[in-house]
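Each chain, letter by letter, is given below.
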Amino acid sequence: MLSSALLTLLPLLASVPFSLAALDDSSARSASVYQVITDRFARPSSVSSTCTTSDRKYCGGTYSALIEKLDYIQGMGFDTIWISPIVENIGGTTGEGEAYHGYWTLDAAKTNDNFGTADDLKSLSTALHNKGMYLMVDVVVNHVAATSSSTFIPSSSYGQFSSSDDYHPFCWITDYSNQTNVEQCWLGDDSVALADLNTDSDTVKNYWNNWVKELVSNYTLDSVRIDTVKHVQKDFWPNFVSSAGVFTQGEVLNGDPTYVSPYQSDAKVNPFNYPAYYPLIRGFNQTSGDLTELVTMTQTIKNSFSDPTLLGNFLNNHDNPRFESTVTDTSLIKNAHAYPFVTDGIPYGYYGSEAGFTGGADPDNREPLWTANYDTSSDMYKFFASLNAARKAAGNASDSFFTNQMTVSSLSSSSILVAKSPLISVLSNSGSSASDASVTVQSSASGWSSNTEVIDAISCETLTTDGSGNLAVTVKTGLPRVFIASSQKGSVCSSSSNSSSSSSSNSSGAIKVDVRGGWMIGAVGAVVGGLMMAL
């Protein structure tokens, strides 16, 4: 009888769709995020029309097609996917094209059916969680979109925001040094005006706070990316972030750390690391780039931000020209891409970087990925897999890896040392045509003892420290070196290093313990426990 009862419970246990716990500040540090433009990442095989980026039109990407490509993303070691805003956008063709990117909100209470149904989005969320992955959704609360500017009159099409009182009076942003102008005037132009919502209004505040709470709940979201954070007053954000209840990463598009850092300390939004982005691209976009600016900025960031380990690091995204649009040297490209993965903060990869896309400014940086055939054998695909494997190994080897702050120093005029133990990286802007160059990683920076074998996650070369724990490193053809002790390497340079596979990474719905499913675990556990006691 008891044995039969236990056997009866097994199918129940196997069918419980437990998902991972949503990301919070603690767990987000170890995440690695892959950004997609939903319309441009994957589309049904039945759609074969040409997608021309300069047309700025919908190209047919969907949530369902994205689900079919999750293995492609996970194979690079990314565990979190950031998708475009999901809400209903203005329709038709404007002077700036169509709203394929998702940022031209019409009614935030409805979804954008160009990407699929609400159930399709829920299926994406479930599919990700079944693979041990996370879903981040982009949200826009600063504005809605309109094809008129000074004559804009909201209608019922805008859902909750159908009254003129819901908006700041029309004025274009003309002075970015004037914060009131930045927060209360409008982005956009006469073709597509981004009507600025009156986020000082309690009505608007309450709507957004309830909206984001329901959004996270309805689609079981793990994280929220917030657009145009600096265009909303700081005191709006703490309640919004609290209402979301998950990790938030926000766009504060400014390179001044003294401007950006209060959004983390006061607004409670963890910003993208634009202060590091600008010296990063200047340091690696040519062989004569100044790396000391980047070294200096890393210290300024440590001094300015309340927690640099929660910043979002990136080289490419949908708002800035791809690094590869102006840089063709493979070694420079790899060094620049390595930086976000070996430093403090959360790394963000932008779709198409692994495929060698070279698009410039918007819209050219929003290419359709299907033209690259989702090639998992490309050099850059394997490169990102190696970086993610190294970062994961370091996190597994050290409980403090993601919270301890790095030290960045100059090794030579063309190379820097990023010491974030147990990951030690040498990055160079000497370029692929440079002669081999020798540098020394001191034991005082690495923490390695004498005669320690280390492995380079990129080349898979093994080296050994000398009797003092120092490591002689040869920078070959200007390529980055990312070292970890061989005893801590995990899947680095193994057959699984190009995959983020783990016990929870299959797509068959394997059970994963989660606070969201805790009630079910408790209930089933109580039954099983009672039966076992009876035995």
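Positions within a chain are numbered from 1, following the residues in the order the chain's sequence is written. Residues qualify for local features only when their pLDDT is at least 70, as the model is predicted, and side-chain atom pairs are given and counted only at 80 or more; totals for whole chains, interfaces and linings, by contrast, use all residues. Hydrogen atoms and water are omitted, and side-chain values are computed over all heavy atoms in the structure.

**Considering the packing of aromatic side chains**
The relation between two aromatic rings is expressed through the spacing of the ring centres and the mutual angle of the planes. Geometry of aromatic contacts follows a simple scheme: Phe, Tyr and Trp rings, the Trp one being its six-membered ring, pair when their centres are within 6.5 Å, and the pair is stacked under 30 degrees between planes, edge-to-face over 60, tilted otherwise. Overall, the coordinates contain 36 aromatic pairs when judged by the stated rule. Arranged with centres 5.2 Å apart and planes meeting at 50°, the rings of Tyr34 and Phe78 form a pair that is tilted. One end of the pair, Tyr34, is in strand β1 (residues 33-35); the other, Phe78, is in the loop between α5 (70-74) and β2 (80-83), with 44 residues separating them in the sequence. Both residues of the pair, Tyr34 and Phe78, belong to the buried class. Centre to centre, the rings of Tyr274 and Phe314 are 4.8 Å apart; their planes meet at 70°, and the pair counts as edge-to-face. Linking Tyr274 in helix α12 (residues 274-284) with Phe314 in strand β12 (residues 312-314), this pair joins segments that are 40 residues apart in sequence. Each residue's exposure class comes from its accessible area (1.4 Å probe, protein chains only) as a fraction of the maximum for that residue type: buried when under 20%, exposed when over 50%, partly exposed otherwise. Among the residues examined, Tyr274 registers a relative accessible area of 2% and is labelled buried. Elements are defined by DSSP. Helices are runs of H or I of four residues or more, strands are runs of E of two residues or more, and each kind is numbered from the N terminus.

**Focus on the environment of Thr371**
Along the chain, Thr371 falls in the loop between β13 (346-350) and α15 (379-397). The term polar contact refers here to a pair of N or O atoms within 3.5 Å; inside protein, the definition further demands a hydrogen-donor-capable atom paired with an acceptor-capable atom, and it admits residues adjacent in sequence only when both atoms are side-chain atoms. Polar side-chain contacts of Thr371 include one of 2.9 Å to the backbone oxygen of Pro368.

**Quick word on the packing of α12 against helix α13 (residues 292-304)**
Running from amino to carboxyl end, α12 crosses α13 at an angle of 165°, the nearest separation of the two axes being 9 Å. One way to sum up the angle between α12 and α13 is to call them roughly antiparallel. In the crossing of α12 with α13, the sense of the turn from one axis to the other is left-handed. Between α12 and α13, the residues in contact are Pro275, Ala276, Pro279, Leu280, Arg282 and Phe284 and Glu293, Leu294, Met297 and Ile301, respectively. Gly falls in the polar group here, along with every residue not listed as nonpolar (Ala, Val, Leu, Ile, Met, Phe, Trp, Tyr, Cys, Pro) or charged (Asp, Glu, Lys, Arg). Residue composition of the contact of α12 with α13, by class: 8 nonpolar, no polar and 2 charged. Lines fitted to C-alpha atoms define the axes here, with helix axes fitted over just the stretch in contact, and angles between the N-to-C directions of these axes take values from 0 to 180 degrees. Each angle is binned into one of four classes, with values under 35 degrees roughly parallel, values over 145 roughly antiparallel, values of 65 to 115 roughly perpendicular, and all other values oblique. By convention, the crossing between two helices is left-handed when the near helix turns anticlockwise from the far helix through less than a right angle, and right-handed when the turn is clockwise. Should any heavy atoms of two residues lie within 4.5 Å, those residues are counted as being in contact.

**What about the sheet that holds β13?**
Sheet architecture is open: 8 strands sit in the order β11-β10-β9-β5-β2-β1-β13-β12, paired in parallel fashion. Lying at the two open borders of the sheet, with one neighbouring strand each, are β11 (270-271) and β12. Any two strands between which DSSP finds at least two bridges are classified as paired.

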